[in-house]
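These are the residues of each chain, in order.
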Amino acid sequence: MPRIVVVGGGFAGINFIKTLSKNSDVEIVLVDKNNYHFFPPLLYQVATSFIEPSNIAYPFRKLFQLKKNIRFHFGSLIKVNREENNIETTSGVLKYDYLVLAMGTEPNFFGMENVRKNALPMKTIDDALDMRNHILLNMEKAAQAKTVQEKEKHLNIVIAGGGPTGVEVAGMLAEMSTHLEEKEYPEVTDVRSNIYLVDAMPVLLQPMSIKSQNEAHKVLKKLGVKILLNTAVKDYSDGKVVFSDGKTIETEVLIWASGVVAPEVEGLADGALGRGKRILVDEYSQVKGSINIFAIGDISLITEEPNFAGGHPQLAQVAIQQGRLLAKNLQSVIAGKSLKTPFRYHDKGSMAIISKYKAVVDIPENKFIKGFLAWLTWLLIHIVPLVGFGNRSKILFNWIWAFVTNDPALRLIIGNKRKKQENRF
């Protein structure tokens, strides 16, 4: 029975496994540093106290409990040994006949060490919970501050990155500050919290249409978000963000949504890495210089598709389509046939939620939706892929209740690693 080791249980890895698991003549081993699959597009709602982490996560072992040919290996990849056909992980060595790398990406801090140490990224559930706790802790600090200047420093929030994640976080935080500060934090009513959305590009939502960019700018500005374009973060230390134009803002909260990079994979062939450290693969997702190693999802870089010569966008739909196709192609290889179907990305459009009942959706062929209909489209598309009926029902109930009342009840400071390090305010 051929053994296929898959490293990474995100969109690409899970869709590859779900498609291939129908073939009972192969053994599949999933390696992941978490014991659960989670839904990254909704991380920002965990970070802003809107939904619980359990709403967007599902344990791998429960997901695969009826699949006798799937095993889970808890650990992180250390090295690929191509000659021995095995990988080294933090919890042991695994042999493989075929290896599929699908680890996604990690935050790119562009060599700024202070930003890496002090900013709040949002790539994992741990990051989202850390951000939630950190923001809530700063609200408590602001409530106890003695001066207006000190209160303002704790209430200021800087979001670096004007893509979909940055826009969604800015809109959610602006909505919550509008509805909650006066009701729950009477000590800070003399100071208005300032949310700054910063991007080095001249527009928000740079990959999306001009209509989407303009709508996002208009809605966020109406919510009171201060938008700083053509501006990059250059440093962050001692509670002060330094920008490319030399200006500074005092804040205890810098949210980092400004770029990603692929994690390093030791042991691949020379010349296998491309832009952003992504792994170069051919149109069948086969890693350059290898015959039984594949890479899919955000970590991979295909430059052979005519419409995407610079590589595909790092989106969930790309990862899902790559995972499913590779599973079908690999079944052909296992059956003694060749890789027969090259990857061609079917673009279904892009979307971003901005605030309550406000979203933008770009559909191929220059079609554009905004407002409540776009928000409803976003809601449905982001609920349907959630694993398990329980997740869908819980998240839908939480959303309806929170939107109707403007009062989500999840603002708990629990397990805050930053607070533990400080031991006190």
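My aim in this report is to walk through the structure given alongside it, one point at a time. Model, not experiment: these values are computed from the prediction.

## Things to note about the environment of D32
Relative to the elements of secondary structure, D32 occurs in strand 2 (residues 27–32). Taking C-alpha positions, D32 is 8.3 Å from M103, a pair spaced 71 residues apart along the chain. When residues no more than four places from it in sequence are discounted, the contact partners of D32 are G8, G9, F60, F72, H73, F74 and G75. A polar contact of 2.7 Å, which involves the side chain of D32, links it to the backbone nitrogen of G9.

## Section: a positive patch on the surface
Taken together, the side chains of K18, K22, K67, R324, K328 and K348 present a region of like positive charge at the surface. Structurally, K22 is set in the loop between helix 1 (11–20) and strand 2. The class for K22 is exposed, based on a relative accessible area of 70%.

## Some remarks on the sheet that holds strand 23 (residues 350–355)
The strands making up a sheet associate through backbone hydrogen bonding, with each pair oriented either parallel or antiparallel. An order of 23-24-25 is seen for the three strands of this open sheet, with the pairing classed as antiparallel. If you trace the sheet from one side to the other, it starts and ends with strand 23 and strand 25 (367–370), each paired once. The average undirected angle you get between the axes of adjacent strands in this sheet is 10 degrees. Each of strand 23, strand 24 (358–363) and strand 25 touches helix 8 (residues 210–222); the most contacted strand, strand 23, lies at about 15 degrees to it.

## Things to note about the packing of aromatic side chains
Following the criterion strictly, the structure yields eleven aromatic pairs and no others. With a centroid separation of 6.2 Å and 65 degrees between ring planes, the pair formed by Y36 and F38 is classed as edge-to-face. Look at F38 and you get buried, because its relative accessible area is 15%. Following the ring pairs from residue to residue traces out a cluster consisting of F60, F64, F72 and F74.

## A short note on the packing of helix 5 (residues 125–144) against helix 6 (residues 148–155)
With their axes 8 Å apart at the nearest point, helix 5 and helix 6 run at an angle of 170 degrees to one another. By the angle class used here, helix 5 and helix 6 are roughly antiparallel. Where helix 5 approaches helix 6, its residues N138, M139, K141 and A142 are matched on the opposing element by K151, H154 and L155. Residues belonging to the contact of helix 5 with helix 6 are distributed by class as follows: three nonpolar, two polar and two charged.

## Here we look at the nonpolar core
Counting 79 residues, the largest nonpolar core has I4, F16, I159, L220 and I255 as its most contacted members. Element by element, the count of residues in this core is highest for helix 7 (residues 164–184), at eight residues. Not counting residues up to four positions away in its chain, the partners in contact with F16 are I4, V6, V100, I296, G323, R324, L326, A327 and L330.

## With respect to empty space enclosed by the protein
Overall, the coordinates contain five cavities of 30 Å³ or more when judged by the stated rule. By volume, the largest cavity amounts to about 250 Å³. Lining the largest cavity we find 18 residues, and of these I135, M139, L173, M176 and S177 sit closest to its centre. Counting only elements with at least two residues in the lining of the largest cavity, the list comes to helix 5 and helix 7.

## Things to note about the pairing of strand 12 (residues 157–160)
A two-sided burial pattern is seen for strand 12, the buried positions comprising I157 and I159 on one face and V158 and A160 on the other. This β-α-β element, strand 12 to helix 7 to strand 13 (residues 195–198), shows right-handed connectivity. Here strand 12 runs beside strand 18 (residues 254–256); their pairing, made up of three bridges, is parallel. Directly across from A160, in strand 18, lies its bridge partner W256.

## Some details on the environment of V361
If you trace the backbone, V361 turns up in strand 24. A sequence separation of 77 residues divides V361 from Y284, and the C-alpha atoms of the two residues are 30 Å apart. If we skip the residues at most four places from it in the chain, V361 touches S350, M351, K367, F368, I369, A374 and T377.

## Points about the sheet that holds strand 13
With parallel pairing, five strands are arranged side by side in an open sheet as 11-18-12-13-14. Because the sheet does not close on itself, it has two edges, and the strands there are strand 11 (120–121) and strand 14 (226–228). Examined bridge by bridge, strand 11 and strand 18 share two bridges and lie parallel to one another. Bridging across to strand 18, P121 finds its partner in W256.

Reading the values: rules and limits
Residues numbered from 1 in each chain as written. Predicted model: local features only at pLDDT ≥ 70, side-chain atom pairs only at ≥ 80, totals over all residues. Heavy atoms only, no water. Helix = DSSP H or I, 4+ residues; strand = E, 2+ residues; numbered from the N terminus. Contact = heavy atoms within 4.5 Å. Polar contact = N/O pair within 3.5 Å; in protein donor to acceptor, adjacent residues only side chain to side chain. Patch = residues over 30% accessible without salt bridge, like charges linked within 9 Å, V, L, I, M, F, W, Y side chains within 5 Å. Areas by Shrake-Rupley, 256 points an atom, 1.4 Å probe, with all protein chains shown as cover. Salt bridge = Lys/Arg side-chain N within 4 Å of Asp/Glu carboxyl O. Lys, Arg positive; Asp, Glu negative; His and termini not counted. Charge placed at Lys NZ, Arg CZ, Asp CG, Glu CD. Buried < 20%, exposed > 50% of the residue type's maximum accessible area, 1.4 Å probe, protein only. Pairing = 2+ DSSP bridges. Axes fitted to C-alpha atoms, helices over the stretch in contact; angles between N-to-C directions. Phe/Tyr/Trp six-rings, centres within 6.5 Å; stacked < 30°, edge-to-face > 60°. Parallel < 35°, antiparallel > 145°, perpendicular 65-115°, else oblique. Nonpolar A, V, L, I, M, F, W, Y, C, P; charged D, E, K, R; others polar. Core = buried A, V, L, I, M, F, W, Y, C linked by side-chain atoms within 4.5 Å. 1 Å grid on protein atoms, 1.4 Å probe; cavity = no way out; pocket = protein on both sides within 12 Å on 5 of 7 lines; lining within 4 Å. Points joined across faces, edges and corners; volume = space filled by probe spheres on them. Right-handed = clockwise from strand over helix to strand, strands pointing away.

Read these as spatial facts, not as claims about activity.
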